[in-house]
Amino acid sequence: MHVQLKLRLACSVDVATDALRDPRVMVAVTKPLVVYRSESPSGFPDRWTEEAHPVSASILGVLPLGSTHVDLDWHERDGAWIQRDTGRGTSGQFARMRINHRMAVVPDGAGHTLLRDRLEFHAGPLGLLLWPGLWATWQWRALRMKALAPTWRGAPTHPKHA
């Protein structure tokens, strides 16, 4: 099963790609529906790396969803910059799901960015029960990303250009 978005963001591709590497953006676009917390003693890193990072999440900050790892890799294909998360759940609802979360960004004219955000998840029969909540969360993510994109500032030189 899957949920997906296709959005036009009011920021450049470099700013959007930098924002996707920022753990604060992941936290901001799902709050307050889903609240993420770092499970690392040092907290969230300044930027995601290709090293898996343990996180926990809860619905509205109250109902635990469990723990998982944000495990990202990046590549470019056909002019799109793609971020993929294949983190594995370690407890709670996350442990019952396998995910493949991809976000791709490309220029969309006049300094804007086209973002495609797709979460494929496999949870057996439980998937039918999870889908409405994931769909609602993805709609919230869309609203938050559109609202926050104009405020993202981006690094002076994005890692993909370094």
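Given the structure is predicted, the values throughout are model-derived calculations rather than measurements.

A. Representation of the sheet that holds strand E7 (residues 98–107) in the model. In spatial order, the strands read E1-E8-E7-E6-E5; together these five strands make up an open sheet with antiparallel pairing. At either margin of the open sheet sits one strand with a lone partner, and together these are strand E1 (2–9) and strand E5 (72–77). Neighbour to neighbour, the strand axes of the sheet diverge by 15° on average, direction disregarded. Here five bridges tie strand E6 (residues 80–85) to E7, and the two strands are oriented antiparallel to one another. Directly across from Ile82, in E7, lies its bridge partner Ala104. Contacts from helix H1 (residues 13–20) reach E6, E7 and strand E8 (113–122), with the element oriented near 160° to E7. Against the sheet, helix H4 (residues 126–148) touches E1, E7 and E8, its axis set at about 10° to E1.

B. Broad picture of the pattern of salt bridges. One pass over the structure, following the stated rule, counts eight salt bridges. Note that Arg8 and Asp108 form a salt bridge whose closest N and O atoms lie 2.8 Å from each other. Within this pair, whereas Arg8 is found in strand E1, its partner Asp108 is found in the loop between E7 and E8, the two being separated by 100 residues in sequence. Given a relative accessible area of 44%, Arg8 falls into the partly exposed group. You can call Asp108 partly exposed: its relative accessible area is 29%. Of the charged contacts in the structure, one is a salt bridge between Arg24 and Asp22, with a shortest N-O distance of 2.7 Å. Overall, the relative accessible area of 58% leaves Arg24 in the exposed class. Assessed through its relative accessible area of 7%, Asp22 is described here as buried. A single network of salt bridges, built from pairs that share partners, joins Asp18, Asp22, Arg24 and Arg47.

About the cut-offs
- Residues numbered from 1 in each chain as written.
- Predicted model: local features only at pLDDT ≥ 70, side-chain atom pairs only at ≥ 80, totals over all residues.
- Heavy atoms only, no water.
- Pairing = 2+ DSSP bridges.
- Helix = DSSP H or I, 4+ residues; strand = E, 2+ residues; numbered from the N terminus.
- Axes fitted to C-alpha atoms, helices over the stretch in contact; angles between N-to-C directions.
- Contact = heavy atoms within 4.5 Å.
- Salt bridge = Lys/Arg side-chain N within 4 Å of Asp/Glu carboxyl O.
- Buried < 20%, exposed > 50% of the residue type's maximum accessible area, 1.4 Å probe, protein only.

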